[in-house]
Amino acid sequence: MRRRIAMAVVASTLSLPLAGCGMLSATEDAGEATPTKTTDITVGVLMPEKTNTRYEEFDYPIIRDKIASLTQNKGRTEYANAASDPDTQVTQMERMIDDKVDIILLDAVDAHAIAGTVKKAKDAGIPVIAYDRLAEGPIDAYVSFDNELVGQVQGRTLVEALGAADPSDKIVMMNGSPTDPNAKQFKDGALSELKDRVTISASYDTKAWSPEAAQANMTEAINKIGKNNIAGVYSANDAMAGGIIKALEAAGISGGELPPITGQDAELQAVQRIVNGEQYMSVYKPYPQMAEAAAEMAVAKVQGRDIQFDALTRDSVDSPTDKDIPAQLVPVVALTKSNIEGTVVADGIYKVSDICTAKFETDCKAIGLK
Ligand code: BGC
């Protein structure tokens, strides 16, 4: 277990805006460091993009609601989404620094390019918690899923889908954005399962995780390898799997002829493709677990509740710029036809009626989803 010395809170250096309020966190534990802030706090939340639905449908609303519930509805979020543009994210983060938010949760578009702005926040006394993607620069903590495990789960499930995988089976690898450190971890995790078991005949890094770029790269791979010679496709996420399927369909491969294709994120369309067999698997990442942990970390940090903050960050990671960053890494599971009910439905992400619309009724019945 990681051990760190809790930071001493020096009351005299802190502003204590308690006047007229007099209220500390209702959940304050006796014996913790003196809270430095009331419940009236502002958390800046920066998300990276909108193509994937998870950020606006799950991550952000869960964080927002949890911050409200941890602060008796007095805390608020200042939210911005960079729509995949690193420069936009810098501007958005600078505005939050100017607005003097109390803390920032940052899901970086470009983990390296944002480092200077992380430093600016730090210099302005605003802590930064890297969310989902490990931003470079002096961050205070990191909360994410176990991203290497994501890749392992994808690779392992693809090998299983191939049955008796043969090292001559030709695979296409569609990896994520090179500016996202997660993409490398997904790739490394997947390769640890795929290497020596299959042949990687083509491998791409996909700019900005773009489904259109994945489609174009897949078309190139089909032309190179031959449409009937592709045994499986490793797609790092669901949105790209959608582009890959379009490319295969344009080449005349559809429905039951599609090779096993992986994904990640449990996007609704992907879950429906799993139901009708177009996509073999996704990775279910329990969003409530991570997003609520992020909100708890942010509130504990602002309130100076070091014991709680330490309890929330028992892991430790290194970034290219910083060592021993306190972290929480949440585990993930493979999502296939067999466990839709026990994952996304059980966690309240989707109702069966969201998944099993008229178009998918027969396929839902066939796998007992009702
Ligand atoms: C996230 C994935 C997501 C991808 C594209 C990664 O950093 O971990 O869940 O699919 O970015 O947004």
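Residues numbered from 1 in each chain as written. Predicted model: local features only at pLDDT ≥ 70, side-chain atom pairs only at ≥ 80, totals over all residues. Heavy atoms only, no water.

Further remarks concern the side chain of Asp132. Along the chain, the position of Asp132 falls in the loop between β4 (128-131) and β5 (141-145). A polar side-chain atom of Asp132 sits 3.2 Å from a polar atom in the side chain of Arg54. Look past the residues within four positions of Asp132 in its chain and what remains in contact with it is Arg54, Asp107, Tyr142, Val143, Ser144, Phe145, Asn147, Asn182, Lys285 and Met290. (Helix = DSSP H or I, 4+ residues; strand = E, 2+ residues; numbered from the N terminus. Polar contact = N/O pair within 3.5 Å; in protein donor to acceptor, adjacent residues only side chain to side chain. Contact = heavy atoms within 4.5 Å.)

The subject of this paragraph is the layout of surface pockets. Its volume calculated, the second largest pocket comes out at about 450 Å³. In this structure, the second largest pocket is lined by 23 residues; those nearest its centre are Asp238, Ala239, Gly242, Gln269 and Arg273. Elements with a contribution of two residues or more to the lining of the second largest pocket: α6 (211-225), α7 (238-250) and α8 (268-275). (1 Å grid on protein atoms, 1.4 Å probe; cavity = no way out; pocket = protein on both sides within 12 Å on 5 of 7 lines; lining within 4 Å. Points joined across faces, edges and corners; volume = space filled by probe spheres on them.)

This paragraph deals with the packing of aromatic side chains. This structure, assessed with the given rule, holds 5 aromatic pairs. Judged by centre distance (5.3 Å) and plane angle (5°), the ring pair of Phe58 and Tyr287 falls under stacked. With a gap of 229 residues between them, Phe58 in helix α1 (residues 54-70) and Tyr287 in helix α9 (residues 287-302) connect regions that are remote in the sequence. Phe58 gets classed as buried once you look at its relative accessible area, which sits at 10%. (Phe/Tyr/Trp six-rings, centres within 6.5 Å; stacked < 30°, edge-to-face > 60°. Buried < 20%, exposed > 50% of the residue type's maximum accessible area, 1.4 Å probe, protein only.)

Another point: the packing of α1 against α9. Between α1 and α9, the shortest axis-to-axis distance is 8 Å and the interhelical angle comes to 40°. Taken together, the axis directions place α1 and α9 in an arrangement best described as oblique. For the crossing formed where α1 meets α9, the hand is right-handed. Touching Arg54, Phe58, Asp59, Ile62, Ile63, Lys66, Ile67 and Leu70 of α1 are Tyr287, Pro288, Met290, Ala291, Glu292, Ala295, Glu296 and Val299, all from α9. Of the residues in the contact of α1 with α9, the class split is 11 nonpolar, no polar and 5 charged. (Axes fitted to C-alpha atoms, helices over the stretch in contact; angles between N-to-C directions. Parallel < 35°, antiparallel > 145°, perpendicular 65-115°, else oblique. Left-handed = near helix turned anticlockwise from the far one by under 90°. Nonpolar A, V, L, I, M, F, W, Y, C, P; charged D, E, K, R; others polar.)

What follows concerns the pairing of strand β8 (residues 232-235). Here β8 shows a buried face lined by Gly232 and Tyr234 and a second buried face lined by Val233 and Ser235. In this structure, strand β6 (residues 170-175) lies alongside β8, joined through 4 bridges in parallel fashion. Pairing of Met173 across the sheet is with Tyr234, part of β8. (Pairing = 2+ DSSP bridges.)

This next bit is on the pairing of strand β2 (residues 76-81). Sheet topology note: the strand β1 (residues 42-47)/β2 ladder contains 6 bridges and is parallel. Note on β2: the bridge partner recorded for Val43 is Thr77. For the crossover that starts at β1, traverses α1 and ends in the parallel β2, the hand is right-handed. (Right-handed = clockwise from strand over helix to strand, strands pointing away.)

The next subject is the sheet that holds strand β10 (residues 315-317). Pairing is mixed in the open sheet, where 7 strands are placed in the order β2-β1-β3-β4-β5-β11-β10. The sheet is open, and its two borders are formed by β2 and β10, each paired with just one other strand. With strand direction ignored, the average angle separating the axes of adjacent strands in the sheet is 25°. Packed onto the sheet, α9 meets β1, β3 (103-106), β4, β5 and β11 (325-330) and runs at close to 170° relative to β5.

For the ligand, the set of nearby residues contains 14 residues, the closest of which are Glu49, Arg54, Tyr55, Asp180 and Asp265. Here an oxygen atom of the ligand and a side-chain polar atom of Arg133 are 2.8 Å apart. Contacts to the ligand include Asp180, whose side-chain N or O atom sits 2.6 Å from an oxygen atom. Relative to its unbound accessible area of 310 Å², the ligand is 100% covered by the protein chains. Comparing atom positions with the cavity grids shows the ligand to sit within the largest cavity. Looking at the shell around the ligand, the elements that each hand over two or more residues are α1 and α5 (181-194). Split by residue class, the shell around the ligand holds 3 nonpolar, 4 polar and 7 charged. (Near = heavy atom within 4 Å. Areas by Shrake-Rupley, 256 points an atom, 1.4 Å probe, with all protein chains shown as cover. Sits in = over half its atoms within 2 Å of the grid points.)

Further remarks concern the pattern of salt bridges. Within this structure, the stated rule accounts for 14 salt bridges. Linking Lys301 and Asp140 is a salt bridge whose minimum nitrogen-to-oxygen distance equals 3.9 Å. Here Lys301 is found in helix α9, whereas its partner Asp140 is found in the loop between β4 and β5, with 161 residues between them in sequence. Its salt-bridge partner being Glu193, residue Arg156 comes within 3.5 Å of it at the nearest N-O pair. Here the residue Arg156 occupies a position in helix α4 (residues 147-161), and Glu193 occupies one in helix α5, the gap between them amounting to 37 residues. On the basis of relative accessibility, which here comes to 36%, the residue Arg156 falls in the partly exposed class. (Salt bridge = Lys/Arg side-chain N within 4 Å of Asp/Glu carboxyl O.)

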